[in-house]
Amino acid sequence: MNFGQVLTAMVTPFDAKGNIDFNQTEILIEYLLDNGTDGLVVAGTTGESPTLTTEEKISLFNHVVKTVNNRVPVIAGTGSNNTQASIALTKEAERCGVDAIMLVAPYYNKPNQQGLYEHFKTIAMETSLPVMLYNIPGRSIVNITAETTIALSKIDNIVSIKEASGDLDQVSEIIEATNDTFSVYSGDDSMTLPLLSIGGAGVISVASHIIGQEMQQMVNLYNQGDTKGAAKLHRKLLPVMKGLFTAPSPSPVKAALRMKGIDSGALRLPLVSISETEERNLKNIIERIN
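In this text, all values refer to a predicted model and were calculated from it rather than measured experimentally.

## What to know about the nonpolar core
Item 1. With 78 residues, the main nonpolar core has Leu 40, Val 42, Phe 61, Val 64 and Ile 211 as its most contacted residues.
Item 2. Element by element, the count of residues in this core is highest for helix α9 (residues 208-223), at 6 residues.
Item 3. Excluding residues within four positions of it along the chain, Val 64 makes contact with Met 10, Thr 25, Ile 29, Leu 40, Val 42 and Val 74.

## Observations regarding the packing of aromatic side chains
Item 1. Using the criterion set out here, one finds 1 aromatic pair in the structure.
Item 2. A centroid spacing of 6.5 Å and a plane angle of 55° characterise the contact between Phe 3 and Tyr 185, whose relative ring orientation is tilted. Highlighted residues: Phe 3 in the segment before β1 (6-9) and Tyr 185 in strand β7 (residues 183-186), separated in sequence by 182 residues. With respect to burial, Phe 3 and Tyr 185 carry one shared label: buried.

## Focus on the sheet that holds strand β2 (residues 39-42)
Item 1. On the basis of which strands lie adjacent, the closed barrel formed by 8 strands has the order β1-β2-β3-β4-β5-β6-β7-β8 and parallel pairing. Adjacent strand axes in the sheet meet at a mean angle of 25° when their direction is disregarded.

## Digging into the UniProt feature "binding site: pyruvate" (unreviewed entry) in the protein chain
Item 1. According to UniProt, the positions carrying the feature "binding site: pyruvate" (unreviewed entry) are Thr 46 and Ile 204. Spatially, the listed residues are clustered: although they cover 159 residues, their C-alpha atoms lie within 10.7 Å of one another.
Item 2. Along the chain, Thr 46 falls in the loop between β2 and α2 (54-68).
Item 3. Excluding its chain neighbours within four sequence positions, the residues that come into contact with Thr 46 are Ala 9, Met 10, Val 11, Thr 12, Val 206, His 209, Ser 249, Pro 250 and Val 253.
Item 4. Within the secondary structure, Ile 204 is located in strand β8 (residues 202-205).

## Re the packing of helix α11 (residues 251-259) against helix α12 (residues 276-289)
Working note: a packed helix pair is described by the angle between its axes plus the distance between those axes.
Item 1. One can describe the packing of α11 onto α12 by two numbers: an axis separation of 10 Å at closest approach and a directional angle of 60°. For the element pair α11 / α12, the angle class is oblique. By crossing handedness, the relation of α11 to α12 is classed as right-handed. Contacts from Pro 252, Ala 255, Ala 256, Arg 258 and Met 259 in α11 reach Glu 279, Leu 282, Lys 283 and Ile 286 in α12.
Item 2. Of the residues that constitute the contact of α11 with α12, the class distribution is 6 nonpolar, no polar and 3 charged.

## Description of a negative patch on the surface
Item 1. Side chains of Glu 147, Asp 167, Asp 169 and Glu 173 sit close together on the surface and give a patch of like negative charge.
Item 2. A relative accessible area of 32% places Asp 167 in the partly exposed class.

## Observations concerning the packing of helix α1 (residues 22-33) against α9
Item 1. In the contact formed by α1 and α9, the axes pass within 9 Å of each other and the chain directions differ by 20°. When the axes of α1 and α9 are compared, the pair comes out roughly parallel. Facing α1, whose interface residues are Leu 28, Tyr 31 and Leu 32, α9 presents Ser 208, His 209 and Ile 210.

## Details of α12
Item 1. Given a rise of 1.5 Å per residue, 14 residues ought to cover 20 Å, and the 20 Å separating the end C-alpha atoms of α12 matches this to within 8%.
Item 2. Of all the positions in α12, only Leu 282, Ile 285, Ile 286 and Ile 289 are classed as buried. Down the axis, α12 shows its buried residues gathered within 95° of arc, on one side only. When the buried face of α12 is taken as reference, the exposed residues oriented beyond 90 degrees from it are Glu 276 and Arg 288.
Item 3. Lining the buried residues of α12 we find α9, α10 (227-243) and α11.

## Describing the UniProt feature "active site" (unreviewed entry) in the protein chain
Item 1. Following the UniProt record, the feature "active site" (unreviewed entry) maps to Tyr 134 and Lys 162 here. The greatest C-alpha distance among the residues just named is 4.7 Å, despite their covering 29 residues of sequence, which places them together in space.
Item 2. Considering the arrangement of structural elements, one finds Tyr 134 in strand β5 (residues 131-135).
Item 3. Judged by relative accessible area, Tyr 134 falls into the buried class, the value being 5%.

## Quick notes on the pairing of β8
Item 1. The pairing of β1 with β8 spans 3 bridges and is parallel. The residue bridging Thr 8 from the neighbouring strand is Ser 205, located in β8.
Item 2. Where β7 and β8 come together, 2 bridges link them in parallel fashion. Opposite Tyr 185, over in β8, you have Gly 202 as the bridge partner.

## Observations concerning the environment of Asn 281
Item 1. For Asn 281, the position within the fold is in helix α12.
Item 2. Along the primary structure Asn 281 and Ala 93 are separated by 188 residues, whereas in three dimensions their C-alpha atoms are 39 Å apart.

Analysis parameters
- Residues numbered from 1 in each chain as written.
- Predicted model: local features only at pLDDT ≥ 70, side-chain atom pairs only at ≥ 80, totals over all residues.
- Heavy atoms only, no water.
- Core = buried A, V, L, I, M, F, W, Y, C linked by side-chain atoms within 4.5 Å.
- Buried < 20%, exposed > 50% of the residue type's maximum accessible area, 1.4 Å probe, protein only.
- Helix = DSSP H or I, 4+ residues; strand = E, 2+ residues; numbered from the N terminus.
- Contact = heavy atoms within 4.5 Å.
- Phe/Tyr/Trp six-rings, centres within 6.5 Å; stacked < 30°, edge-to-face > 60°.
- Pairing = 2+ DSSP bridges.
- Axes fitted to C-alpha atoms, helices over the stretch in contact; angles between N-to-C directions.
- UniProt positions renumbered as here; feature names shortened; annotations may be inferred.
- Parallel < 35°, antiparallel > 145°, perpendicular 65-115°, else oblique.
- Left-handed = near helix turned anticlockwise from the far one by under 90°.
- Nonpolar A, V, L, I, M, F, W, Y, C, P; charged D, E, K, R; others polar.
- Patch = residues over 30% accessible without salt bridge, like charges linked within 9 Å, V, L, I, M, F, W, Y side chains within 5 Å.
- Areas by Shrake-Rupley, 256 points an atom, 1.4 Å probe, with all protein chains shown as cover.
- Salt bridge = Lys/Arg side-chain N within 4 Å of Asp/Glu carboxyl O.
- Lys, Arg positive; Asp, Glu negative; His and termini not counted.
- Charge placed at Lys NZ, Arg CZ, Asp CG, Glu CD.
- Expected span 1.5 Å × (residues − 1).
- Arc of directions from axis to C-beta.

Here's what the structure looks like:
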């Protein structure tokens, strides 16, 4: 399945009472689709998935699918450190009509590679949806090794991985040893161009909330063979990519969206909003880019 080249890991808008704001969700979706987004990842890390209840996730999946109306792929974050709970949520996501699911590496449990393989295989066997793995050892502690990813890619509906290990050697090994239909996406905005250079498909981005058109332009320049132009744009955009992670995500990107006139609300504890100083610094970075 072709998910696109710049996908947005979408924030979850909340209202003044801390509930999901479905009206603002619609506004955000339209804004993202008008500004460079090829696909949406819903209820992932940036969507504050750890603080969303199962019922809220299902409601969010339903609403996003209805709003998007088949214009771009919708990928639902249904992974957790509980295999059976992930299966149950995946089945609900499938009923909602999402186009694919994303399964994060189990966190806290610290499974070994055999445990990771069995976890992902067991979930994949319970759905007909395409499955994207999500390797983010900085949050989950465990790394899905290249060998494990390659073995999982042989399961028919495991078709992609979001790689946020920062290990280009590992990513190179995965790309070299998997079928051409298996795609690898960068899970770090700043690694987009390096990953493209070794055969990656694109990025699942946080920065695309703010610089989506520019991210698309960078990828297009690279794909058209203008590597110098792509590198120059990468260097220009790098301060924004870094600035959006100067505090725990998605605190900075929600603040940056407000600067763009998109109110996605506050965050749920234990996350808190960025400080006034951090917000001023972020605003200066964004204004310099513009």
